[in-house]
Each structure stands twice: as structure tokens, then as C-alpha cells.
Amino acid sequence: MLTQRLILTGDDQHDRPLIEQAGAIIRAGGLVAFPTETVYGLGADAYNPVALQRIFQAKGRPAWDPLIVHVATPQQILELTSGIPDLALPLIQRFMPGSLTLILPKSDRVSTIITAGRDTVGIRMPSHPVAQALIRASGVPIAAPSANRFGRPSPTNADHVLHDLAGAIEAVLDGGETPRGVESTILDLTTDPPTLLRPGAVPLEAIEETIGTVRLLTEMLPRGMSLPAPGTMARHYAPRVPLLLSAPTPEALYGTVKDSLTQYEWVGVLRPRGWSLPDNGHLIVFEWGTWGEWDTLAQKLFYALRWLEGQGVHAIVAPLPPAEGLARAVRDRLTRASNPEQ
Ligand code: TXA
Ligand code: MG
């Protein structure tokens, strides 16, 4: 299959026909990757079971891992759910559009292919203008996982998408780098209290400020065990080479890098600005940004992992951020990516 790259410029006159074209592909049962404010998604008509099956094939994703449905209007949320819990209202008001995915009771219209047989559905209203325009142009809700091969780091630009999926999808809408760089926060509202299934671009603190205490899902269970969110399994988001994590100090990073050089010939490092590194080995350094500026560090995380891997390093070293604010999402992704259990 030929995959088209539809390059957007931000100029409406130029972009409009390309978005209409992408919407027509979705309506015809095709697959279109598109930017959201978090990461690129791999979209299909949520009401077309054949198109939904193709998402799983293109990604190499197991059928037990459910999909998020992306909507552009509150009306579409009503269409996809059966009963909105009270706690959903202030969250919808504050975070939709935005980077929060809510797990809600599904309506009959939602295919079990999307939900992997569950009676709940994950719903998100992305804030990215291209994502919104695509959903409107296609006229249907769009089911979309991240547009990477299963288990790989999520794509934050169109090159990442094409690296993983060229030849398996009809088109990618190329809207440049995604601004947040980590996936949406997933909150299950069908439990009491609600459960954080995946920390993400919306900090837990902002959610708790809105609805009170949320239960955390902290255990990392071995692959294959039944999980509330299959994407929370131990190894995920992973580069193809070992990822070694250090404590979050310049001294600890220095030490971990030095040790790694005794084991690996070429080592890649995600280096916070100003942190020093040993100068006696084969290091490839990705300048990550100022430690503590989590917006920037999150935005560059998956880019950094894919870039270092592309440089041919044998291992990657990074300091592990604290479990607070947006850093919690970065910490979660690094921890999963470093889990040697396959
Ligand atoms: O930011 C994001 O959320 C991106 C963009 C494209 O929207 N999407 C994304 O999708 O990260 P994906 O499929 O890579 O991760 C979604 C996670 C999966 O781990 C899936 O298991 C979980 O959401 N999920 C989806 N529906 C669910 C449900 N009904 N119950 C529990 N978990 C669900
Ligand atoms: Mg994913």
C-alpha cells in the first residue's frame, strides 16, 4: 500500500483540502495517522468494524488491548456512552478539549472491537486543531491508539509514524511535532473512587483538585496477566536497546553512565542541561533540557529515545524524574521502557 504524507502548513486555505481528503479516507474505511496535542494517533471510523480490525493489524497490537475513541463534540460523548457519572461533568468542563481520557460505561453503538470485550469505553476530546478538524471532516468519532508499532515509543512527529507504519496505512497528516509529547492521562470513572490508569499530560494533582481523591494503580504486573488497562503492562514504550535509569542527581547520572561504559561500547544519554558526564568513552548525548522543566522534558522524551536508538547506541541512560506533576508521566514511561521483562 502507498502511504501518503499530507503536509500541513497551518494556513487554512492550504490545509483544508488535505483535511477533507483525510476525512474522506476515514469515511471510506481507511487508516489515517494524525497529530493530537499529546502524540500522533492512528485513526479509523469508530463505527466501521473492518477499519477497526485494520488498526490492530497495522500496529501489530493484540486484540485484548482496547482503543480510545476521539470526539469533537459533547454530542458524540453522549452517543458513545450510557450514563455519565456525576464526577465526569466537572472533568469534562475543565479538561475537554484536552489531554484527559475518561473511561465511561459504553453505549450499544460502541463495537466490542474497540473495547476488547469490556462494557466501558475510553473517550477523549483532543485539543489539537488538526485532530478536531479531522474528526469534524470525517463526520464520525475516530478510534485511535498511538500511531506506533505495538510496544514502541509513541510517535511525536510524522517521521516516527512513517518509520513504524509506512505501507500499512493510507495517510499521515503531517502537522509537525506534537506539543505535549506524552500521552493523555487515563482516568477510570466506573470505579469508586476513580482510578488513575495511566499518568499523562494532565497532572494527577489537577484532577484531584477538581474531583477529590483518586486511586492510584501502582503495581507493575507481568505481561499476560489481566489488567484494568492493558497499556499499563510492565514493558512498553521501549527502545530496542536497554534503558538504564539513574537517581535524579548529576552525581548519580555520572556514575551510572561511567558503569554503563564498562558494559556497552556506545552509550546514549538523556542529559539535563549542565549535568557533567565522563569524557573517556563513546557517548552520544541528547541535550534534554533543564531539569525540573517538565513540559520540555516530556515533550522531548519519545523523540530522544527514538533518536538515540537511531544513532546506533547499545544502551541508553537517563535520570528518573520524581512522581509529581507532569514528571509523573515521564517517570512512568521511562520506568516501563526500562523494564527488562519482555
Ligand atoms: O494521548 C493519547 O491518549 C493517545 C492519542 C493518540 O490520543 N492515544 C493513546 O492510545 O495513547 P493507546 O491506545 O496507545 O493507549 C490507550 C490506552 C491503552 O493502554 C488501552 O489499554 C487503554 O488506553 N484503554 C482504552 N480503552 C480502555 C478501557 N475501556 N478500559 C481500560 N483501558 C482502556
Ligand atoms: Mg500506545
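Computed from a prediction, not measured in an experiment: that's the story for all the values here. (Residues numbered from 1 in each chain as written. Chains lettered and ligands numbered in written order. Predicted model: local features only at pLDDT ≥ 70, side-chain atom pairs only at ≥ 80, totals over all residues. Heavy atoms only, no water.)

## Describing the pattern of salt bridges
Now for step 1: Going through the model one piece at a time under the given rule, you end up with 15 salt bridges.
Now for step 2: Between aspartate 159 and arginine 5 there is a salt bridge, and its shortest N-O distance comes to 2.8 Å. Taken together, the residues span a long stretch of sequence, with aspartate 159 in helix 7 (residues 158–165) and arginine 5 in strand 1 (residues 4–7) at a distance of 154 residues.
Now for step 3: A relative accessible area of 46% means that aspartate 159 is categorised as partly exposed.
Now for step 4: By relative accessible area, arginine 5 is classed as partly exposed at 36%.
Now for step 5: Close ionic contact of arginine 336 with aspartate 332 constitutes a salt bridge, the shortest N to O distance being 2.9 Å. You can see arginine 336 and its partner aspartate 332 sitting in helix 11 (residues 327–338), four residues apart, about one turn around the helix.
Now for step 6: Judged by its relative accessible area of 12%, aspartate 332 falls in the buried class.
Now for step 7: Each member of the salt-bridge network shares a partner with another, and the members are Glu183, Asp332, Arg333 and Arg336. (Salt bridge = Lys/Arg side-chain N within 4 Å of Asp/Glu carboxyl O. Helix = DSSP H or I, 4+ residues; strand = E, 2+ residues; numbered from the N terminus. Buried < 20%, exposed > 50% of the residue type's maximum accessible area, 1.4 Å probe, protein only.)

## With respect to the site of ligand 1
Now for step 1: Neighbouring ligand 1 are 27 residues; Thr38, Asp65, His70, Ser184 and Arg198 lie closest to it.
Now for step 2: Note that an oxygen atom of ligand 1 is positioned 2.6 Å from one of the side-chain N or O atoms of histidine 70.
Now for step 3: In the model, an oxygen atom of ligand 1 is placed 2.8 Å from a nitrogen or oxygen of the serine 146 side chain.
Now for step 4: In isolation ligand 1 exposes 680 Å². Once the protein is present, 97% of that is buried.
Now for step 5: For the shell around ligand 1, the secondary structure elements donating two or more residues are strand 3 (40–45), strand 4 (68–70), strand 6 (120–124) and strand 10 (195–198).
Now for step 6: Per element, the largest residue contribution to the shell around ligand 1 is four residues, and it comes from strand 6.
Now for step 7: Residue classes in the shell around ligand 1 are distributed as 13 nonpolar, eight polar and six charged. (Near = heavy atom within 4 Å. Polar contact = N/O pair within 3.5 Å; in protein donor to acceptor, adjacent residues only side chain to side chain. Areas by Shrake-Rupley, 256 points an atom, 1.4 Å probe, with all protein chains shown as cover. Nonpolar A, V, L, I, M, F, W, Y, C, P; charged D, E, K, R; others polar.)

## With respect to the nonpolar core
Now for step 1: Counting 47 residues, the largest nonpolar core has Leu91, Leu102, Ile114, Leu187 and Ile207 as its most contacted members.
Now for step 2: Tallying contributions element by element places helix 2 (residues 49–59) first for this core, with five residues.
Now for step 3: In contact with isoleucine 114, not counting residues within four places along its chain, are Ala46, Leu52, Pro66, Leu67, Val69, Val121 and Ala143.
Now for step 4: The next biggest cluster of nonpolar side chains, apart from the first, holds 28 residues, and it includes Ala201, Phe302, Leu308 and Ala318. (Core = buried A, V, L, I, M, F, W, Y, C linked by side-chain atoms within 4.5 Å. Contact = heavy atoms within 4.5 Å.)

## Remarks on the domain arrangement of the protein
Now for step 1: You can read the domains of the protein as domain 1 (4–216) and domain 2 (243–338).
Now for step 2: Computed over C-alpha atoms, the centres of domain 1 and domain 2 are 29 Å apart.
Now for step 3: Contacts between the two partners involve 27 residues from domain 1, matched on the other side by 16 residues from domain 2.
Now for step 4: When domain 1 packs against domain 2, close to 1,700 Å² is buried across both sides, 52% of that on carbon and sulfur atoms.
Now for step 5: Looking only at domain 1, the three residues that lose the most surface to domain 2 are Pro153, Val182 and Pro199, adding up to 29% of its buried area.
Now for step 6: The interface formed by domain 1 and domain 2 holds three salt bridges in total.
Now for step 7: With a closest N to O distance of 2.7 Å, glutamate 183 and arginine 333 form a salt bridge. (Domains from an automatic or database assignment. Buried area = accessible area lost by both parts, 1.4 Å probe.)

## Some words on helix 10 (residues 294–310)
Now for step 1: Given a rise of 1.5 Å per residue, 17 residues ought to cover 24 Å, and the 24 Å separating the end C-alpha atoms of helix 10 matches this to within 8%.
Now for step 2: Within helix 10, the axis deviates most sharply at leucine 301, by approximately 40°.
Now for step 3: Looking only at helix 10, the buried set comprises Trp294, Leu297, Ala298, Gln299, Leu301, Phe302, Ala304, Leu305, Arg306, Leu308 and Glu309.
Now for step 4: Summarising the contacts, the buried residues of helix 10 are in contact with helix 7, strand 12 (243–246), strand 13 (266–272), strand 14 (282–289), strand 15 (315–319) and helix 11.
Now for step 5: The positive-phi residue at the C-terminal boundary of helix 10 is glycine 312, with phi of around 85°. (Expected span 1.5 Å × (residues − 1). Bend = angle between axes of the 7 residues up to and from the residue.)

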